[in-house]
Amino acid sequence: MEYPCSERKCYEMKKSLIWIFVIGLVITVICAVGAVQQFKIEHKKANQITTNFNETYNNKSIKGLDLDLKHSNVKIKEGKTFKVLSKGSNEKIKIHAKVKNGNLTVSDHKGQSNVDISFLDMRYNDMTIYVPRDLENLKVHSDDGSTTLNDINADKAQLNTDVMDLTINDSKFNQLVASGDTSDIKLNKTQFQHGGFKTDTGDILMKDTPADKPMQIKTDTGNVELIYGKDKPKNSQIEYSSDTGNLNIEDKQFENKKVGNGHHVIMIKTDTGDALIK
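Residues numbered from 1 in each chain as written. Predicted model: local features only at pLDDT ≥ 70, side-chain atom pairs only at ≥ 80, totals over all residues. Heavy atoms only, no water.

**Describing the overall build of the chain**
At step 1: If you tally the helices and strands in the chain, you get one helix and 22 strands.
At step 2: Intrachain contacts of the chain at a sequence separation of at least 6 include 51% that bridge at least 24 residues.
At step 3: Carbon and sulfur atoms make up 51% of the accessible area of the chain, which amounts to about 16,200 Å² in all. (Helix = DSSP H or I, 4+ residues; strand = E, 2+ residues; numbered from the N terminus. Contact = heavy atoms within 4.5 Å. Areas by Shrake-Rupley, 256 points an atom, 1.4 Å probe, with all protein chains shown as cover.)

Dropping the structure here:
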C-alpha cells in the first residue's frame, strides 16, 4: 500500500532538488568560464615565438645527418652551410646538436616543470636544418611532428614519422626508405633508384613518379597513388595484392600491368586501401 507524502515533505524534496540543480548549474558555468580563460591563455602562449637554438657548423667532415625528434616539426632544406635553427612557443623544448663521426646529430626533449596545471597545451616548436651539399646518409625519426624535405640529395635516406605527414620535394636519393604510422607520405618531383614505403593508416602519394625504378609499397588502410610526369615508364610491371582494395590503372601504357619486359617491379600491397596508377 502506497502512502502519499505529506505536503510539507514534498515541498522540502522539491526545494532540495532545486538547490541541487542550481549548484550543478553554477559549477558547470564556473568550469566553462575557466576553460575559456585557459584557452585564451594557451592561445596567447602559442603566439609568443622565441628562438631556442641557432647554431652554424662549418665542419667540412660532415657527411651525414641524424635526427631524433620527439616534439618538433622539422624542415630540411638546401643552404650555404650546415645550420640548425629552432623557434617555437614551447619554452620547455630543449635542443641538442653535435658533430660526431662525420654526422650532425640533432635531438629535442621536453624539460620538466615543477608546476604545470595546464590541461590544454597549444604550444609548438619548429626546426629548420640547412644542408649545403650532398649527404652520404640521412636518418630522421619523428614522434610528434611533421617532416619536410626540400632540395636534398643523399645516397641513403631512412625517414620515419609516427603521427604527422612526411613530405619530400625536388630531392634525389639512391636508396630511399620512408615509413609512418598514421602519417601520409607525399613525394613531388623526387628521384630515387630504389624505394621502400610503408604506412599503417596514412596514404602514399607520388607526383612525377620516377620511371622504371623498383619500389615496395605497403599500406594497411591507406591508399596509394602514383602519378607519372613527362618521364614515362618503358620497362616496368605492377604487382598488386589486397584484401578488399582495388587497383585502378589509368595509364594506358601498363597493358596487363606491364610496360616493355617488366624488368623493374613495383610491388604494391594493401589491406583495404586502393591503388591508382596514372
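**Looking at the environment of D144**
At step 1: For D144, the location among the structural elements is in the loop between strand 8 (135–142) and strand 9 (147–150).
At step 2: The exposure class of D144 is partly exposed, given its relative accessible area of 47%.
At step 3: Through-space distance from the C-alpha of D144 to that of H71 is 5.3 Å; in sequence the pair is 73 residues apart.
At step 4: With near-sequence residues (within four places) excluded, D144 lies in contact with K70, H71, S72, V163 and M164. (Buried < 20%, exposed > 50% of the residue type's maximum accessible area, 1.4 Å probe, protein only.)

**Focus: the sheet that holds strand 16 (residues 215–219)**
At step 1: Strand order in the open sheet made by the 11 strands is 5-6-2-8-10-12-14-16-21-18-20, with mixed pairing throughout. Sheet topology places strand 5 (93–100) and strand 20 (258–259) at the edges, where each strand pairs with a single neighbour.
At step 2: Inspection of the sheet shows strand 18 (residues 236–242) paired to strand 20 by two bridges, in the antiparallel sense. In the strand pairing of strand 20, S236 is matched with V259. (Pairing = 2+ DSSP bridges.)

**Side note on the sheet that holds strand 4 (residues 82–88)**
At step 1: As summarised here, the arrangement of the 11 strands in space is 1-4-7-3-9-11-13-15-17-22-19, forming an open sheet in which the pairing is mixed. Among the strands making up the open sheet, the edge pair consists of strand 1 (50–57) and strand 19 (247–249). This sheet shows a mean twist of 10° between the axes of neighbouring strands, independent of strand direction.
At step 2: Across four bridges, the pairing between strand 9 and strand 11 (residues 166–169) is parallel. (Axes fitted to C-alpha atoms, helices over the stretch in contact; angles between N-to-C directions.)

**Examining the confidence of the model for the chain**
At step 1: Mean pLDDT over the chain: 87, with 85% of residues reaching 70 or higher.
At step 2: Confidence over residues 113–122 falls short of pLDDT 50; this stretch has 15 contacts with residues more than four positions distant or in other chains. (pLDDT = per-residue confidence, 0-100.)

**Re the pattern of salt bridges**
At step 1: This structure, assessed with the given rule, holds five salt bridges.
At step 2: In this structure, the salt-bridge partner of D200 is K198, at a minimum N-O distance of 3.5 Å.
At step 3: Using a relative accessible area of 22% as the deciding quantity, one classes D200 as partly exposed.
At step 4: With a relative accessible area of 41%, K198 lands in the partly exposed category.
At step 5: Note that K218 and D220 form a salt bridge whose closest N and O atoms lie 2.7 Å from each other.
At step 6: A relative accessible area of 22% places D220 in the partly exposed class.
At step 7: Among the charged side chains, a network of salt bridges with common partners joins D68, K70 and D143. (Salt bridge = Lys/Arg side-chain N within 4 Å of Asp/Glu carboxyl O.)

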